[in-house]
Structures are given as structure tokens and as C-alpha cells.
Amino acid sequence: MEIGSSSDKIFKLYDQLELLEYQDKFVVKSLESPDQGFSISRREGNIETLSDASSSEKPSKTSAIYGVAGTIRLLAGTYLLVITSRKEVGSFLGFPVYRVESMKFLACNEALRFSNSQEKRDEAYFMTLLKTVEATPGLYYSYETDITLNLQRRCKLMEGWMSKPIWKQADPRFVWNKHLLEELIEYKLDEFIIPLLQGSFQMAQLELKNSPTTCTLLSRRCTRRLGTRMWRRGANLEGDTANFIETEQLLELEGFRCSLLQIRGSIPLLWEQIVDLSYKPRLRIINHEHTVYFFLKIQHFLFLSFSLNSGAYDLTLHFQLFIQPQVVERHFHDLFQRYGETIALDLTEKLSRYFLIDTDGNILEEQKGIIRSNCIDCLDRTNVTQSYLARKSLNIQLQRLGVFTSTECIPLFAEDYGKFRTLWAEQGDEISLEYAGTHALKGDLVRYGKQTVAGLIKDGMSAVSRYYLNNFHDGIRQFHVFQDALDLVSGRYTVSRNNPSPFQLNSFESFSYLPVASALLVGGLTLTTFTIQQAGRSAQHYVSSVFWAGVTAGVMALVKANGRQFCSRPRLCGLL
């Protein structure tokens, strides 16, 4: 099937919208087709089409918005998520792609005044989570095409597929706001429904031997096990893994299109790594009644070991783990159905696998397998690994298209090679910000091909930031994607008046004890230092020194023994 052939009528979303605020409702309508739109009641959150909600009164405020990302119902009302700012970042198969720069939840909760005190407190906390969701990084979309499907899958779709509403074209695994769109879908507001993709979109124009080439890097984050770095690890019972990302490297040259797919994901086992104030919390396999365990020594944890020009980097980790066969089987069965063979060994001989179509849309090569990179976090080393494999595949593709001879490779073209490495480095930073809250470590290996002093300093700062975010912020952090908010907007946690308050069930607040412990530690160290300086003057000072040193050591031992209790943690859902 030819991409975007003239025989297909392309479905297009409204891209210029107007938000009208009335005393009793919000109205969203298209500037292109002013008779198309809908209203939502500010009191109960009920939605009506524009024809049923016409009003002669003048709105109190009118503003431009660029899309509706969905609605969510809480205890006291509905909240409408709208896109208030966007930026065009490139194109995917000829269609413009935008990044969400800012979003805003519009509150339709005037019924809140009729709620009891506990419901008001709960609603206030939920609203705090929604405020943080507004700053979610790495959200992309297009008004004219679906960007959740890779090139190979698009080429095998039936005729007329692109004439369907974009939300129907999309792969639900990669629709970040899938749960938020349910009510808009129910009211058949197809032209207003924007599937948002979280991940990364990078694009560069190359001039390889006077052959204009477009290189696009698109990463798609799966929504089945969303979460922050330390609170979503491993797999769930269905085999869905944390930080599962499909990365597509797309090469466009003189009408030809090449696509290379790689995937990454957390270790497909049931395991946890609960923060406890230590720099590297202990990894623990979760015992579950529905799994059967057997013992296996994993010698190649990442399934690959390779060398870079700057030196050898052996990424083989040696662990002795319990494997849960049922969980692993479900995970790889799903991958096999979607991608074909999942390569675990002998990777460098499989790099000739990629997808290629000619100017007429005819399929010349198919990617019948995929490389899955495993790692604890699937961030830093994984990005180094995938960028290396992508570079090797790019050389093969350019040789196949006649741009390179059999002895040429992209590192020979310094300017274009720099652009290629920048694509992967910036993609690594964006994915890391979404999952861990910091830039990727080892980014200079990708960007420059070697470790630099500036890179080491940056990695050190990022490591400290990760430690702080993991221990004190990931549960309820305000500036990045956080666990409670993701559980809320993804529908994993369902808000209901019939359920007990999740905040009453977890009354312990880590920050209520942490300042006390911190004050005791600082005070004890200060007094110990002072009395030690005076210890030689009298026995009383010596005894004081011993006493305060003992108090300080005791507090430190208490904090270390109860480290988990002093760390921030999610409140809405469990680990699995």
C-alpha cells in the first residue's frame, strides 16, 4: 500500500480551536467550521454537541487552543484537558508533527461545595496531581496522521485505513491519553480527538555525498506499565514491562524510505527495587502465587557486548536471578505476534534486517525480527547500545541505496555524523527525563563517541539528582511525570465516592519525620564536633563528646534501618 496515496481520503483533525468561557459552561469550537464543537457544563461536567448547546449570551473570555487531550472525572466533577501551546518539530512521512508545549485542565467542579470535608481534601490532592500532569514532557501529535504506527505496519494496512478517525488508526499501546479520550469517543467528537504519543521525536537533514537525506528518530513509550523509575520496575503478571519503548529510525532518500525498529524494556520478571535512602537499593524478586520459579544464571543480561571506537565497553552483567516462566512467556509472545523473532544473541549479524520501500510504495525489504535491549533502567547504557546498532544499520541501508560504497560509512562524513549522534543523544535525554527526571548518563558517549570531563561532571550531577528524586520526590514530585498522577490519568486508579480515601489508608507521611531525623543528625554532628574540640580540657567535655557521638550514631542507625519509611512513596496503586 502506498503511503498517502491519492486513492485514500486523509482524515484531518481541527487544528485551530476557540475556547469560550461562560458562567455555566465551556465551549470548544472549530475556527474552520464554526458550527462544529461541543460544550461542557461547569457544574456537572456533562458534554453536549454545539448544535444542542447554542447560546446567545456573550462569553466572559475567549482564547485560542490547539487541541483537546481528554477529560477525567474525579470526586466532585470533570476536568477538561486542553492544549494551550504547541511547537512544530518536523514531519513524519510528510505530515507535520507538533510537540505539546503547555496544557491546562479546566475545572468543571462547581459541585465541590456540596462535598464533605474528606472529599474536599481528596479532591484537592487529585487536583494537585492534575496540575503536575500539565507539565508532562515529551508529548507529540499530528493533525493529519497517526504517529503511533511504524512504517512497516502502516504499509500493510488495508485500503481506506487513513480515512478513519485518527484515534481509530492509532496503536492503543502508545496513546498516552487513551483513558482521557473515552468520554470524547463516546460522544463521537472524532475531529477533536487527538491521540498523544509520549516519547521523543528528533529530525535532521543530512547531505551525504550531495544526496539530501532526512533522518528521523521517533520513540514511542508504551502506556501499559507507565511509571517513574523506582516505582515501576520489571513486568506485571500480563508480561507488560516498565519503560517499554519502540524506537524507529526512519531514513528518507530520493523517494526511498528505510525503517529500523528497536525496542527496549525493563527486565521481564516480577521484581522491585524499593528506595530506602541507599544509593543502590537492593533488587528483590517478587514471589507470587501464580508464577512458577526456576533457577537460572543469566550471563548476558543485556544480551549484547560490543566495542566502541573509544574503547571496549562490556555491557555483560552477571546475576543469579529467579525467572518466572509464565511472565516471560507472555511478554515475548506479545513481542513475537507484533514484531516477529526477538533476537537475544548474535546481534551484529542480524543488522541487515530493516524495512525498505521504493518511490511507488513497493516493499523491497521487510524487518522480520527485532532487537530487544534489556537493562535495569533501560536508559543510559541502552541508549549507547541502540545508537551503535542504529549506526551499523544505517551504513548497510546507505550502501544498499548506492549512496555509500562497500568501504564507506557515516563516520567518514563528520558534519552529518555529528547530526546523527546528536539525534540519539537528545532522544536519550528526553526519554530519561520522562522516566527518571534527569538527563541520560553517558550521553557524551553517544554525542561525541568518548567520555569527557564535562560529561563526567554532568553525569555526577544527574546521579545526585536521581538519588534525590527517587527517595524524596518520585511518589509525589511536582515537575516531572510521577507515579500517582500517571496511575490517575491512565485509569489504573479509578476515582469513586464508594471507595475509601486512599490518603486515609496511608496516614504516615515521610516528610513529617524526615525533618526531625535530619535536625537530630545535624545537631548531633555539630555538638559532637564542638565537644571533641573541648574534650582535652576536662572529663565532663570528654563524656559529652562520647554522649553526642553515641546519639548521632544511634540516629544514623535508626534512619538506615528504617530507610524506606523516610522516602516518598506513591499512595494510589501497588507495584504490580
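For clarity, every value in this text was computed on a predicted model and none was experimentally measured.

**Some points on the overall build of the protein chain**
Phase 1: Per the secondary structure count, the protein chain includes 13 helices and 23 strands.
Phase 2: Out of the 576 residues belonging to the protein chain, those deemed buried represent 54%.
Phase 3: For the protein chain, restricting intrachain contacts to residue pairs at least 6 apart in sequence, the fraction spanning at least 24 positions comes to 69%.
Phase 4: Carbon together with sulfur atoms contributes 53% to the accessible area of the protein chain, which is approximately 25,500 Å² in total.

**Remarks on the packing of aromatic side chains**
Where two aromatic rings form a pair, the distance of their centres and the angle of their planes describe that pair.
Phase 1: Applying the stated criterion across every chain yields a total of eight aromatic pairs.
Phase 2: With centroids separated by 5.7 Å and ring planes inclined at 85°, the aromatic side chains of F38 and F192 adopt a geometry described as edge-to-face. Pair noted here: F38 is in strand β3 (residues 37–41) and F192 is in the loop between α4 (182–186) and β10 (197–208), with a separation of 154 residues, a long-range link.
Phase 3: On the basis of relative accessible area, F38 is assigned to the buried category, the value being 1%.
Phase 4: The class for F192 is buried, based on a relative accessible area of 4%.
Phase 5: Counting every residue linked through ring pairs, the aromatic cluster contains Y14, F38 and F192.
Phase 6: One Lys or Arg, R86, reaches over the ring of Y98 and ends 4.8 Å from the middle of that ring.
Phase 7: Directly above the ring of Y417 sits R421, whose terminal nitrogen or CZ lies 4.3 Å from the centroid.

**Regarding the sheet that holds strand β1 (residues 17–21)**
Phase 1: Spatially, five strands are ordered β4-β3-β2-β1-β5 in an open sheet, and the strand pairing comes out antiparallel. Across the chains shown, the open sheet's two edge strands, defined by having one partner strand only, are β4 (47–49) and β5 (61–65). In this sheet, adjacent strand axes meet at a mean angle of 20° when their direction is disregarded.
Phase 2: Bridge analysis of β1 against strand β2 (residues 25–30) gives five bridges, and the strand direction is antiparallel. Opposite E21, over in β2, you have F26 as the bridge partner.

**A closer look at the nonpolar core**
Phase 1: Counting residues in hydrophobic clusters, the biggest one holds 36 residues, and the most contacted among them are F126, W176, L196 and L488.
Phase 2: Elements supplying a minimum of two residues to this core: β6 (67–73), β7 (78–92), β8 (95–108), α1 (117–133), β9 (139–141) and α10 (483–489).
Phase 3: Ranked by residues supplied to this core, first place goes to α1 with five residues.
Phase 4: Among the domains, domain 1 (9–195) and domain 2 (196–490) are the pair contributing at least three residues each to this core.

**Some remarks on the pattern of salt bridges**
Phase 1: Taken as a whole and judged by the stated rule, the model has 17 salt bridges.
Phase 2: E119 is the partner of R497 in a salt bridge, and the nearest nitrogen-oxygen pair spans 2.8 Å. Within this pair, whereas R497 is found in the loop between α10 and α11 (502–505), its partner E119 is found in helix α1, the two being separated by 378 residues in sequence.

**Remarks on the pairing of strand β13 (residues 256–266)**
Phase 1: Within β13, ten of the eleven residues are buried, which leaves it mostly tucked inside the rest of the structure.
Phase 2: The pairing of strand β12 (residues 245–253) with β13 spans nine bridges and is antiparallel. Residue I245 lies in a different strand from β13, and its bridge partner there is R264.
Phase 3: The hairpin turn running from β12 into β13, its antiparallel successor, is two residues long, and E254 in that turn takes a positive phi close to 50°.
Phase 4: In this structure, β13 lies alongside strand β21 (residues 355–357), joined through three bridges in antiparallel fashion. Each residue of the ladder has a partner; that of C258, found in β21, is L356.

**Things to note about the environment of Q23**
Phase 1: Inspection of the secondary structure assignment puts Q23 in the loop between β1 and β2.
Phase 2: In this structure the C-alpha to C-alpha distance between Q23 and K58, which are 35 residues apart in sequence, comes to 9.9 Å.
Phase 3: Residue contacts for Q23: discarding those within four places in its chain leaves R42 and E110.

**Some remarks on unusual backbone geometry**
Phase 1: With phi around 55°, L93 is a residue other than glycine that occupies positive phi space.
Phase 2: Accessibility expressed as a relative area gives 5% for L93, which makes it buried.
Phase 3: Of note, the phi angle at N210 is positive, near 65°, even though the residue is not glycine.
Phase 4: Turning to its location among the elements, N210 is positioned in the loop between β10 and β11 (211–221).

**Description of the side chain of R225**
Phase 1: Structurally, the position occupied by R225 is in the loop between β11 and β12.
Phase 2: Buried and unpaired, R225 has E238 as its nearest opposite-charge partner, separated by 7.6 Å.
Phase 3: Within the structure, the side chain of R225 is placed 3.3 Å from the backbone oxygen of G234, a separation counted as a polar contact.
Phase 4: Residues contacting R225, with those up to four places away along its chain left out, are R232, R233, G234, A235, N236, D240, T241, A242, N243, L575 and L576.

How each quantity is defined
- Every chain's residues receive numbers from 1 upward, in the order its sequence appears when written.
- Local features are withheld for residues below a pLDDT of 70 in this predicted model, meaning they are given only at 70 or higher, and side-chain atom pairs are given and counted only at 80 or more; totals for whole chains, interfaces and linings count all residues.
- Hydrogens and waters are ignored; side-chain quantities use all the structure's heavy atoms.
- Strands are runs of DSSP state E lasting at least 2 residues, helices are runs of H or I lasting at least 4, and numbering of each runs from the N terminus.
- Only protein chains enter the accessibility calculation, which uses a 1.4 Å probe; a residue is then buried when its area is under 20% of its type maximum, exposed when over 50%, and partly exposed in between.
- Contacts: residue pairs with any heavy atoms within 4.5 Å of one another.
- Computed by Shrake-Rupley with a 1.4 Å probe, the accessible areas treat only the displayed protein chains as cover when residues are assessed.
- Only centres within 6.5 Å qualify two rings of Phe, Tyr or Trp (six-membered ring in Trp) as a pair; their planes then separate them into stacked at under 30 degrees, edge-to-face at over 60, and tilted for everything else.
- Whether a charge sits over a ring comes down to the Lys NZ or Arg CZ being within 6 Å of the ring centre and within 35 degrees of the ring normal.
- A pair of strands is considered paired only if DSSP assigns at least 2 bridges between the two.
- To get an axis, a line is fitted to the C-alpha atoms, and for a helix only the part in contact is used. The angle between two axes follows their N-to-C directions and goes from 0 to 180 degrees.
- Only buried residues count toward a nonpolar core, which is a set of Ala, Val, Leu, Ile, Met, Phe, Trp, Tyr and Cys residues joined through side-chain atoms within 4.5 Å.
- Domain start and stop positions are those given by an automatic or database domain assignment.
- For salt bridges, the criterion is a side-chain nitrogen of Lys or Arg within 4 Å of an Asp or Glu carboxyl oxygen.
- For the purpose of counting charges, residues Lys and Arg are taken to be positive, whereas Asp and Glu are taken to be negative. His and the chain ends are not included.
- N or O atoms within 3.5 Å of each other form a polar contact, as long as, within protein, one can give a hydrogen and the other can take it, and as long as residues adjacent in sequence are counted only when both atoms are side-chain atoms.

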